[in-house]
Each structure stands twice: as C-alpha cells, then as structure tokens.
Amino acid sequence: MENIKITYLLNSGFMVQIGELLFLFDDYADPAAKVKDALAASGFSRLYVFVSHAHFDHFDTHILDYAGKARNYIMSNEIKNTKRGKLFPADKTVYLPEYSEWADDAITVRSFSSTDTGTSFFVLAKGRKIFHAGDFNWWHWINDTRENQMLAKNAFMKQMKKLTGLSADVSFFPIDGRLGAAQDMGAKEFCRRTITKSIVAMHNVGFAPWKPAEDFFAEGREIPYWSPAAPGESMIFSEGKFEKN
C-alpha cells in the first residue's frame, strides 16, 4: 500500500501525494512555497486540484498558475457561475454538485454536502481513501442563540447520516479554536460514526495545535492524529501512524 505524504499549506489547505499522484485541497495560500517546490521538482505524473467552496480562505485564483500541469480542477458546483470560476479552463474543470461522483482512470471522487457552503470530498486513489471536509462541521458557537445552536446540530447530524460508516485512511476535518469548548465536537462525532484511520485537524489558524482529550475517541479505539502548527510542515501516514517527513 502506498504511503500518504501530507504537507500543510494554510487553514484547510493541504498537498497530498500518493505514489505518482499529487493532490491539492483548498490551496488559497502557500506561504512556505511548498507547492511551488513540488511542481518544480516534477516528482509526480498527475496533479488534481480540489476546491471545496468559494470562501476566500479556501479558494484563490493563484491556482490558475498550475493549469499547465494540472490534470483537472475539481470544484464544488457553487463556483461554476462565479466570476472567479469562469476563469478556469473548461476542458480541465469539473464542477461537482453535492452527492455526485466523478472518475477517470486513476481516481474516483465522491462529493458530500456541507453545513456551511460547497461540498466535502471523498477521494479514492491507488487503494487509499481520503476525506476532506471543506467547511463541513458542527458549527456550535458558544455565545449563539439556542435556536441557532439547534439548527447547527440538526444540520450536522443530518449530514452525518450520509457519512456514517464511511471508511477513510486520512480524514481532514475542521477543529476550529474559535469554537472554544466546542472546538472538537464535530470531529469527535465524525470519528465515532465513521471508520477513519487517522484525522488531521484543519481550519485552526491562530490557535495552538489541537490535542484530543483522553476520552475523545471511543473506548478501545486509538486513532492517530496530527494538528499542524506552521505552514510547510509535512507528515507521512503509513502503517497506521504519522511520521515526520
């Protein structure tokens, strides 16, 4: 089984390499220039660029610079009719509505909904499974109204019915420090109801790296986790654990 090399870009942005396949997820900024380095090194045969939704901290048109090397841009359907979305080459760009599927001879992509906007992505490649949540999360704001908190819970639980039992080698999930005591409520429920072999914290800029409480995972179940501290950090997921690259 191929190792999964993961490099943190910023916010929810990650570069993932599985064998000769290179994936970019929500690359709105790359302050450590890791994508530039990887493209210059050309240690891959195909590049796929994913955008989960149009928020500024997930989507920036600098990824057009990759058009010469990108096999495909795979974007949530909401981007299709935006001014920025129309800049992308039609022959290379796939717009995925929620709960749809796209595949070529190397990868399969399934889209799920979000509790904010856009989609989340489930990617199968070379026998590996990757889930990138985008902005899907249990957005429980401590100081919000009780009504809004219940709406957030209901939206999250509705989507979790679709995701229950999902199996993934690596799941990228928002664990946002702005939520305070509710920072990892969504991630905990996600890990409880899916079969994810590891979790990577994202959407946590400006806060200390996350560390799960002792009772975070279900009893008797250990899941490797990684909470990046700075852009450019890199890990390899192999044999059920993370190792520094």
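Not measured: the values here are computed from a predicted model.

Student: Help me understand unusual backbone geometry, please; the structure alone is not making it clear to me.
Tutor: Glycine aside, negative phi is the norm for most residues, and most peptide bonds take the trans geometry. Of note, the phi angle at Ser42 is positive, near 55°, even though the residue is not glycine. The backbone of Tyr99 sits at a positive phi, close to 60°, despite the residue not being glycine. Take Tyr99: it is sitting in the loop between strand S6 (93-96) and strand S7 (101-103). What makes Tyr99 partly exposed here is its relative accessible area of 40%.

Student: Help me understand the packing of aromatic side chains, please; the structure alone is not making it clear to me.
Tutor: Applying the stated criterion across every chain yields a total of 25 aromatic pairs. For the ring pair Phe25 and Phe50, a centre distance of 4.7 Å and an interplane angle of 20° mean the geometry is stacked. Taken together, the residues span a long stretch of sequence, with Phe25 in strand S3 (residues 21-25) and Phe50 in strand S4 (residues 46-51) at a distance of 25 residues. Here Trp226 and Phe242 contribute two aromatic rings whose centre-to-centre distance is 6.3 Å and whose plane-to-plane angle is 50°, an arrangement assigned as tilted. Placement of the pair is Trp226 in strand S15 (residues 225-226) and Phe242 in strand S17 (residues 241-244), with a sequence separation of 16 residues. For Trp226, a relative accessible area of 5% corresponds to the buried category. The structure contains a cluster of three or more aromatic residues connected by ring pairs, namely Tyr8, Phe14, Phe23, Phe25, Tyr48, Phe50, Phe121, Phe172, Trp226, Phe237 and Phe242.

Student: Sorry, what's going on with helix H1 (residues 34-41) here?
Tutor: Along an α-helix, residues three or four positions apart point the same way, because every turn accommodates 3.6 residues. Of the positions making up H1, those classed as buried are Val35, Ala38 and Leu39. All buried residues of H1 lie within an arc of 95° about the axis, which places them on one face of the element. When the buried face of H1 is taken as reference, the exposed residues oriented beyond 90 degrees from it are Lys36, Ala40 and Ala41. Each element contacted by the buried residues of H1 is listed here: strand S1 (4-10), strand S2 (13-18), S3 and S4. Among the residues trailing H1, Ser42 stands out with phi positive, at a value near 55°.

Student: Explain the pattern of salt bridges here, please?
Tutor: Pairs can form between side chains of opposite charge once their charged atoms are near each other. Inspection of the entire model under this criterion finds twelve salt bridges. Between Arg193 and Glu189 there is a salt bridge, and its shortest N-O distance comes to 3.4 Å. Here Arg193 and its partner Glu189 are both found in helix H3 (residues 185-193), four residues apart, which amounts to about one turn of the helix. Of the two residues, Arg193 and Glu189, neither departs from the other in class, the shared state being buried. For the salt bridge of Glu243 with Lys241, the shortest nitrogen-to-oxygen distance reads 3.4 Å. On the basis of relative accessible area, Glu243 is assigned to the partly exposed category, the value being 37%. One salt-bridge network, held together by shared partners, links Arg46, Arg71, Asp104 and Asp105.

Calculation rules
Residues numbered from 1 in each chain as written. Predicted model: local features only at pLDDT ≥ 70, side-chain atom pairs only at ≥ 80, totals over all residues. Heavy atoms only, no water. Helix = DSSP H or I, 4+ residues; strand = E, 2+ residues; numbered from the N terminus. Buried < 20%, exposed > 50% of the residue type's maximum accessible area, 1.4 Å probe, protein only. Phe/Tyr/Trp six-rings, centres within 6.5 Å; stacked < 30°, edge-to-face > 60°. Arc of directions from axis to C-beta. Contact = heavy atoms within 4.5 Å. Salt bridge = Lys/Arg side-chain N within 4 Å of Asp/Glu carboxyl O.

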